[in-house]
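# Observations on the three-dimensional arrangement
One-letter residues, chain by chain:
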Number of protein chains: 2
Amino acid sequence: MTAHERILLATTGWNPGAWLQVFRRECPDRQTVTEPDGPADPSIRYAVVWKHAPGSLARLPNLRAIFSLGAGVDHVYLDPALPDVPVIRIVSADLTMRMTEYVVWQVLDHARQGPAYRAQQQQRKWRELPQPAAASLTVGIMGLGVLGTDAAGKLGNIGFRIAGWSRNEKRIAGIACHHGAAGLDAFLGESDIVVVLLPLTVETRGIIDASLVARMKRPTPLGGPVLINAGRGGLQVESDILTALDDGTLMAASLDVFENEPLAAESRLWTHPRVTLTPHIAATSDPARLVPELLREMENLERGRPVKGLVNGRAGY
Amino acid sequence: MTAHERILLATTGWNPGAWLQVFRRECPDRQTVTEPDGPADPSIRYAVVWKHAPGSLARLPNLRAIFSLGAGVDHVYLDPALPDVPVIRIVSADLTMRMTEYVVWQVLDHARQGPAYRAQQQQRKWRELPQPAAASLTVGIMGLGVLGTDAAGKLGNIGFRIAGWSRNEKRIAGIACHHGAAGLDAFLGESDIVVVLLPLTVETRGIIDASLVARMKRPTPLGGPVLINAGRGGLQVESDILTALDDGTLMAASLDVFENEPLAAESRLWTHPRVTLTPHIAATSDPARLVPELLREMENLERGRPVKGLVNGRAGY
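Here's a quick rundown of the structure. (Residues numbered from 1 in each chain as written. Chains lettered and ligands numbered in written order. Predicted model: local features only at pLDDT ≥ 70, side-chain atom pairs only at ≥ 80, totals over all residues. Heavy atoms only, no water.)

Residue and element names in this part refer to chain B. Read across the open sheet, the seven strands follow the order β8-β7-β6-β9-β10-β11-β12; overall the sheet is parallel. Looking along the sheet, the strands with just one partner apiece sit at the ends: β8 (176-179) and β12 (275-277). With direction set aside, neighbouring strand axes in the sheet form an average angle of 15 degrees. Pairing geometry for strand β6 (residues 138-142) and strand β7 (residues 161-166), over five bridges, is parallel. What sits directly across from I141, in β7, is G164. The strands that helix α3 (residues 93-111) touches are β6, β9 (193-196), β10 (226-229), β11 (252-255) and β12; relative to β11, the one it contacts most, it runs at about 160 degrees. Against the sheet, helix α5 (residues 146-158) makes contact with β6 and β7, and its axis sits at roughly 170 degrees relative to β6, the strand it touches most. (Pairing = 2+ DSSP bridges. Helix = DSSP H or I, 4+ residues; strand = E, 2+ residues; numbered from the N terminus. Axes fitted to C-alpha atoms, helices over the stretch in contact; angles between N-to-C directions. Contact = heavy atoms within 4.5 Å.)

Here you go:
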């Protein structure tokens, strides 16, 4: 890339200031801008996006690739006028580790009965609850990409049994792998805690619905099945989850993502006694760590070397 | 051991029923009893104890060893008339894994700001908090025995930096080890979260006091230092901890053990907004897993083979 070829940082819903600063520090030779010089700016070579304005990339004549800030690329494909250039996602080691922290945290909080012990503390109640060991609980992970595989390894290291489900067949040491629609019932039937780390695609939209929840394992050593969604809000049907929590089909849920974000103040999820709710914080990208990885991928692309995060446009991940 | 040599299961504060059942199943050749036939019962060969009545073992003429149910043996040495036979503690793999579950759970709950996010949920507040990665936090572990070393390994696997402190010098890969009174300040100065897994001995009683808390690291990436005590309640001075929480010297604490258990209903620890309190449940021994290990140790002793859990009476652990 020559100095007059520029990077467009196109985000909505965030303040891009911290990102711009890191781009300018790590990549001083070329300009990074948040607005092109008009919709057909010939200087823009790469777009680095998070929920960019639909149509805003359509006429850039020299755009070579689109980089997604974050592991999910569903936000990129929301643009009906997306230009036909490679889409590359950056699954940084930093983001992966943060996601695994979140997943292990929430799995342990349910496995060790955090909600029940916090309620007992409020009542000044000293009572030991029967406690299954990690080795007698199976954590089922939906989505066996970089994030799911990393979380599985670290949960396995703590002692949990691990099952996994993915669209296509996978074989991963230490994980009882299932795949496809045909494998979903077996997967759900053996998972005491289900962790959702799927990409949001036309196939997975709304996959966590009444039908899926009804097929989850019960009883479990913890009383009933637990759902953890740290993937995308569009994977879940919140009204179905609430009904399942109300009638006991689902024992508890930890939700970091929502159909609409920020979650509306009137949603019953905020106050449901068996919901742990976090504001899409499971794995926030750290510009200081992600930008260097992104620049490395740009360089790989420039030099015709393999690019790790190239998205299969048809699959949507 | 011959069939007429019996095992005495001497506990207070628990119902020994589940334990007796497992002893009888795993060791059908000899009797396990909860009461000797008089204070000088010659048939008692081994005592398996949890807070046994002081003096109750003093006159058993054929007692060969005392086994402690649990990793800590402080409860054994509370008996001023303890007979002069070997004391053996069983640190079962099951107990170790349960303790590590607890430690990882509580470390992540603080590192990922669980208390703050739960408070935000109650207020229906959607707000992301600045989040240091695990790799920018140091977890300091006091006590580098079987439990501390296992927790360190699994916390390190998740990405935390690990420091350690022990009475005597240790060298453990992946842990910045400190030791002795002279090493305590350096250890405290680098630990953002301090996890206490020390044995309770004359040297460690009350070690978590105002002076120790005042020497903890501050500021930290989480705002202030966090204390997690899953060792023994006698290690802590609860009035000092409360003062430090009130004046902000200590940012938060997770306490599983207390000076007196069950914790009195009037203790301010129950309701302190920055205390996570659990009723001594970090690592409960599972008789189905512990009894076989205990019987194996008895057999090692019988056959003159090395016994793993032999306690150094002078050190008290």
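Once that is clear, we can look at the packing of aromatic side chains. In total, this model carries ten aromatic pairs over all chains according to the counting rule given. Between W14 of chain A and W19 of chain A, the aromatic rings sit 5.4 Å apart at their centres with planes inclined by 25 degrees, giving stacked as the arrangement. Residue W14 of chain A is classed as partly exposed on the basis of its relative accessible area, which comes to 29%. With 5.6 Å between their ring centres and 70 degrees between their planes, W126 of chain A and F258 of chain B make a pair best called edge-to-face. (Phe/Tyr/Trp six-rings, centres within 6.5 Å; stacked < 30°, edge-to-face > 60°. Buried < 20%, exposed > 50% of the residue type's maximum accessible area, 1.4 Å probe, protein only.)

Here we take up the relation of the copies chain A and chain B. Mapping between the two copies of the chain is achieved by a rotation about an axis and a shift along the axis. Mapping chain A onto chain B calls for a rotation angle of 180 degrees and an axial translation of 0.0 Å; the resulting RMSD is 0.1 Å. On this basis, the relationship between the two copies can be described by a two-fold rotation axis. Closest to the rotation axis within chain A is the C-alpha of W105 of chain A, separated from it by 3.0 Å. (Least-squares fit on C-alpha atoms with pLDDT ≥ 70 in both.)

All names here are of chain B. Tracing the chain through its elements places S285 in the loop between β12 and α9 (287-302). Looking at S285, the relative accessible area reads 16%, which means it is buried. When near neighbours in sequence (up to four residues on either side) are disregarded, S285 contacts W19, G70, L95 and L290.

Before going further, it helps to examine the pattern of salt bridges. Residues and elements named next belong to chain A. Taken as a whole, this structure holds 41 salt bridges over all chains when the rule is applied. D150 is the partner of K154 in a salt bridge, and the nearest nitrogen-oxygen pair spans 3.2 Å. Linking K154 with D150, this pair stays in helix α5 (residues 146-158), spanning four residues, or about one helical turn. Overall, the relative accessible area of 21% leaves D150 in the partly exposed class. Among the charged side chains, a salt-bridge network with shared partners connects D94, R98, D286 and R289. (Salt bridge = Lys/Arg side-chain N within 4 Å of Asp/Glu carboxyl O.)

What follows deals with the interface of chain A and chain B. Facing 49 residues of chain A, the contacting portion of chain B comprises 48 residues. Buried area between chain A and chain B, both sides added, is near 4400 Å², and the carbon and sulfur share of it is 59%. Taken together, the connections running from chain A to chain B amount to two salt bridges. Of all elements in the fold, only α3 (93-111), α4 (114-122), α5 and β12 (275-277) of chain A reach the threshold of two or more residues within the side of chain A that touches chain B. The biggest single contributor to the side of chain A that touches chain B is α3 of chain A, with nine residues. Here the side of chain A that touches chain B is built from residues that sort into 23 nonpolar, 13 polar and 13 charged. (Buried area = accessible area lost by both parts, 1.4 Å probe. Nonpolar A, V, L, I, M, F, W, Y, C, P; charged D, E, K, R; others polar.)

To continue, consider unusual backbone geometry. The linkage connecting R218 of chain B with the following residue, P219 of chain B, adopts the cis geometry, with an omega of -5 degrees. Tracing the backbone through its elements, the reader meets P219 of chain B in the loop between α7 (210-214) and β10. Backbone torsion omega between E261 of chain B and P262 of chain B reads -5 degrees, so that peptide bond is classified as cis. Within the secondary structure layout, P262 of chain B lies in the loop between β11 and β12. Even without being glycine, Q113 of chain A reaches a positive phi, approximately 65 degrees. In this structure Q113 of chain A comes out as buried when scored by relative accessible area, which is 16%.

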